[in-house]
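Here's the letter readout for the chains.
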Amino acid sequence: QPQFVESGGGLVQPGGSLRLSCAASRIMFKLSTMGWYRQAPGKQRELVAGISSDNSTQYADSVKGRFTISRDNAKNTVYLQMNSLKSEDTAVYYCNTPASAQRDTWGQGTQVTVSS
């Protein structure tokens, strides 16, 4: 069973930045596609950004140009740099692999709150 430990969330003002980290274990990390997902209150969880094993990236339209996903295979860690944050980015953020997400297996997530 893959394990993910997310960190780096917090309270930030609109326009601010945060960097999320996710430490993964029990997976072949360097071969795995990794994604950052988020779930806002009352809404379905959505994919925000993804990065493949060859470092190809994809982003939801709502975060393009503001968020950057990256990975460090030596540390089994995936990052999400979030700039120009908006109130609508407020959510619990999770990292996962597509397969584990389909099985609905998640870590504890990290809360991001964007508010003045």
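Let us look at the structure shown here. Nothing here was measured: the structure is a model prediction, and the numbers come from that model.

1. Side note on the nonpolar core
Here is step 1: Judged by nonpolar contacts, the single largest core of 27 residues is most densely connected at Met 34, Trp 36, Phe 67, Val 78, Leu 80, Met 82 and Tyr 93.
Here is step 2: The set of elements that each furnish at least two residues to this core consists of strand E3 (18-25), strand E4 (34-39), strand E5 (46-51), strand E7 (67-72), strand E8 (77-82), strand E9 (91-96) and strand E10 (110-114).
Here is step 3: Broken down by element, the residue count for this core peaks at 4 residues, all from E3.
Here is step 4: Excluding residues within four positions of it along the chain, Phe 67 makes contact with Arg 38, Val 48, Tyr 59, Leu 80, Gln 81, Met 82, Asn 83, Leu 85, Asp 89 and Tyr 93.

2. Notes on the sheet that holds E7
Here is step 1: Taken together, the 4 strands give an open sheet; going across it, the order is E1-E3-E8-E7, and neighbouring strands pair in antiparallel fashion. Of all the strands in the sheet, just strand E1 (3-7) and E7 have a single pairing partner and so form its edges. Neighbour-to-neighbour, the strand axes of this sheet turn through a mean angle of 15 degrees, independent of strand direction.
Here is step 2: Pairing analysis gives 6 bridges linking E3 to E8, with the strands arranged antiparallel. Pairing of Cys 22 across the sheet is with Val 78, part of E8.

3. Digging into the pattern of salt bridges
Here is step 1: All told, the structure shown has 5 salt bridges when counted by the stated rule.
Here is step 2: Its salt-bridge partner being Asp 89, residue Arg 38 comes within 2.9 Å of it at the nearest N-O pair. Of the two residues, Arg 38 sits in strand E4 while Asp 89 sits in the loop between E8 and E9, which places them 51 residues apart along the sequence.
Here is step 3: Counted as one network, the salt bridges with shared partners bring together Arg 38, Glu 46, Arg 66 and Asp 89.

4. Points about the pairing of E4
Here is step 1: Counting buried residues along E4, 5 of its 6 residues qualify, which places the element largely inside the surrounding structure.
Here is step 2: Across 5 bridges, the pairing between E4 and E5 is antiparallel. Paired with Trp 36 across the bridge in E5 is Ala 49.
Here is step 3: Hairpin connection, E4 to E5: the antiparallel pair is bridged by 6 residues, and Gly 42 has positive phi, about 75 degrees.
Here is step 4: With 5 bridges connecting them, E4 and E9 associate as antiparallel partners.

5. Digging into the side chain of Thr 110
Here is step 1: Inspection of the secondary structure puts Thr 110 in strand E10.
Here is step 2: In this view, Thr 110 contacts Glu 6, Ser 7, Gly 8, Gly 9, Leu 20, Ala 91, Val 92 and Tyr 93; residues no more than four positions away in its chain are not counted.

6. Overview of the sheet that holds strand E6 (residues 57-59)
Here is step 1: Taken in spatial order, the 6 strands line up as E2-E10-E9-E4-E5-E6 in an open sheet, and their pairing is mixed. With partners counted over all chains shown, the strands left at the sheet margins are strand E2 (10-12) and E6, one partner each. For this sheet, the mean angle separating the axes of adjacent strands, direction not counted, is 25 degrees.

Scoring rules and cut-offs
- Residues numbered from 1 in each chain as written.
- Predicted model: local features only at pLDDT ≥ 70, side-chain atom pairs only at ≥ 80, totals over all residues.
- Heavy atoms only, no water.
- Core = buried A, V, L, I, M, F, W, Y, C linked by side-chain atoms within 4.5 Å.
- Buried < 20%, exposed > 50% of the residue type's maximum accessible area, 1.4 Å probe, protein only.
- Helix = DSSP H or I, 4+ residues; strand = E, 2+ residues; numbered from the N terminus.
- Contact = heavy atoms within 4.5 Å.
- Pairing = 2+ DSSP bridges.
- Axes fitted to C-alpha atoms, helices over the stretch in contact; angles between N-to-C directions.
- Salt bridge = Lys/Arg side-chain N within 4 Å of Asp/Glu carboxyl O.

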